[in-house]
Amino acid sequence: MAILNILRYPDPRLHKVARPVTQFDNRLAKLVQDMAETMYEAPGVGLAASQVDVHEQLVVIDITETKDALQVFINPEITWSSEDKQVYDEGCLSVPGIYDGVERPSKVRVKALDLEGKPFELEAEGLLAVCIQHEMDHLLGKVFVEYLSPLKRNRIKSKMLKEKAGIEREAALRAAGRRY
């Protein structure tokens, strides 16, 4: 298993639409393992393949405190969502350190395939419903900050770009220091 690199907002690759998974093989199983390890290490409760620059319809979620109930959703599709809404403070591994309220349906029904390609259906509410919707947005090329006002979104984008520049500058200084 390996820790994968998580793309950071506003990386344009986060806006690619994922394609359906068509092969259920060892490569897919390894990707799921690597994504789970990456999500747990980050730490997070959900990760879409799009966030690790694999643009396939694959999501891993584990909302438990014990981190021992991994759920895998392949080619997920929301088949029903409730009319009642709820606002959850959402965060994202691609937008570290940023949390803000997003209104979404409080319950959803999703159909998907498991790791063997077998179909299943699940009704979710609360945090699981939020995670499913949030991660499925990634598969459509959408990041949760796009639900926020343009002013908030621009502030977040500026902050992320400044952090990226700082990280790159530190890496360059470390690399330069190793040469001497």
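Predicted model only: the values in this text are computed from it and were never measured.

1. Quick notes on the overall build of the protein
- Helix and strand content of the protein: three helices and seven strands.
- Scanning the protein from its N terminus toward the C terminus, one meets helices and strands in the order α-β-β-β-β-β-β-β-α-α.
- Along the three orthogonal principal directions, the C-alpha set of the protein runs to about 60 × 40 × 30 Å.
- Within the span of the protein, comprising 180 residues, buried residues form 41% of the whole.
- For the protein, the proportion of contacts with a sequence separation of at least 24, taken over those separated by at least 6, is 65%.
- Accessible area of the protein: about 10100 Å², with a carbon and sulfur share of 51%.

2. What about the side chain of His138?
- Residue position: His138 is located in helix α2 (residues 126–139).
- The exposure class assigned to His138 is buried, which follows from its relative accessible area of 1%.
- Look past the residues within four positions of His138 in its chain and what remains in contact with it is Leu14, Lys16, Ala48, Ser50, Gln51, Cys92 and Val143.

3. Concerning the pairing of strand β6 (residues 107–113)
- Only one face of β6 is buried, namely the one carrying Val108, Val110 and Ala112, since none of Lys107, Arg109, Lys111 and Leu113 on the opposite face is buried.
- The pairing of strand β3 (residues 71–81) with β6 spans five bridges and is antiparallel. Residue pairing in the sheet places Ile74 in a bridge with Leu113 of β6.
- Relative to strand β7 (residues 119–125), β6 is paired through seven bridges, and the arrangement is antiparallel. Among the inter-strand pairings, Val110 is bridged to a residue of β7, identified as Leu122.
- The antiparallel pairing of β6 with β7 creates a hairpin that spans five residues between the two strands, and Gly117 there sits at a positive phi of about 90 degrees.

4. As for the pattern of salt bridges
- Taken as a whole and judged by the stated rule, the model has 12 salt bridges.
- Between Glu163 and Lys159 there is a salt bridge; the shortest N-O distance is 4.0 Å. Within this pair, Glu163 and its partner Lys159 are both found in helix α3 (residues 150–178), separated by four residues, close to a single helical turn.
- Using a relative accessible area of 30% as the deciding quantity, one classes Glu163 as partly exposed.
- The class of Lys159 is partly exposed, set by a relative accessible area of 37%.
- Through salt bridges with shared partners, one network takes in Arg8, Lys159 and Glu163.

5. Some remarks on the layout of surface pockets
- Volume-wise, the largest pocket comes out at about 520 Å³.
- Along the walls of the largest pocket sit 23 residues, with Pro43, Gly44, Gly91, Cys92 and Leu93 positioned nearest its centre.
- Listing elements by their share of the lining of the largest pocket, those giving two or more residues are β4 (85–92), β5 (95–105) and α2.
- Considered class by class, the residues forming the lining of the largest pocket number 13 nonpolar, six polar and four charged.
- Each pocket or cavity is described by its volume, and for the second largest pocket that value is around 240 Å³.
- Forming the walls of the second largest pocket are Asn5, Ile6, Leu7, Arg8, Tyr9, Pro10, Asp11, Arg13, Met160, Lys164, Ile167 and Glu168.

6. Topic: unusual backbone geometry
- That bond from Tyr9 to Pro10 is cis: its omega, 10 degrees, falls within 30 degrees of zero.
- Here Pro10 is to be found in the segment before α1 (26–41).
- In this structure, the amide linkage connecting Ala42 to the following residue, Pro43, adopts the cis form with an omega of -15 degrees.
- Relative to the helices and strands, Pro43 resides in the loop between α1 and β1 (46–48).
- With a phi close to 65 degrees, Asp53 is a non-glycine residue in the positive phi region.
- Assignment of secondary structure puts Asp53 in the loop between β1 and β2 (58–61).
- The phi torsion at Asn75 lies on the positive side, around 50 degrees, for a residue other than glycine.
- Within the secondary structure, Asn75 sits in strand β3.
- The exposure class of Asn75 is buried, given its relative accessible area of 19%.

About the thresholds
Residues numbered from 1 in each chain as written. Predicted model: local features only at pLDDT ≥ 70, side-chain atom pairs only at ≥ 80, totals over all residues. Heavy atoms only, no water. Helix = DSSP H or I, 4+ residues; strand = E, 2+ residues; numbered from the N terminus. Buried < 20%, exposed > 50% of the residue type's maximum accessible area, 1.4 Å probe, protein only. Contact = heavy atoms within 4.5 Å. Areas by Shrake-Rupley, 256 points an atom, 1.4 Å probe, with all protein chains shown as cover. Pairing = 2+ DSSP bridges. Salt bridge = Lys/Arg side-chain N within 4 Å of Asp/Glu carboxyl O. 1 Å grid on protein atoms, 1.4 Å probe; cavity = no way out; pocket = protein on both sides within 12 Å on 5 of 7 lines; lining within 4 Å. Points joined across faces, edges and corners; volume = space filled by probe spheres on them. Nonpolar A, V, L, I, M, F, W, Y, C, P; charged D, E, K, R; others polar.

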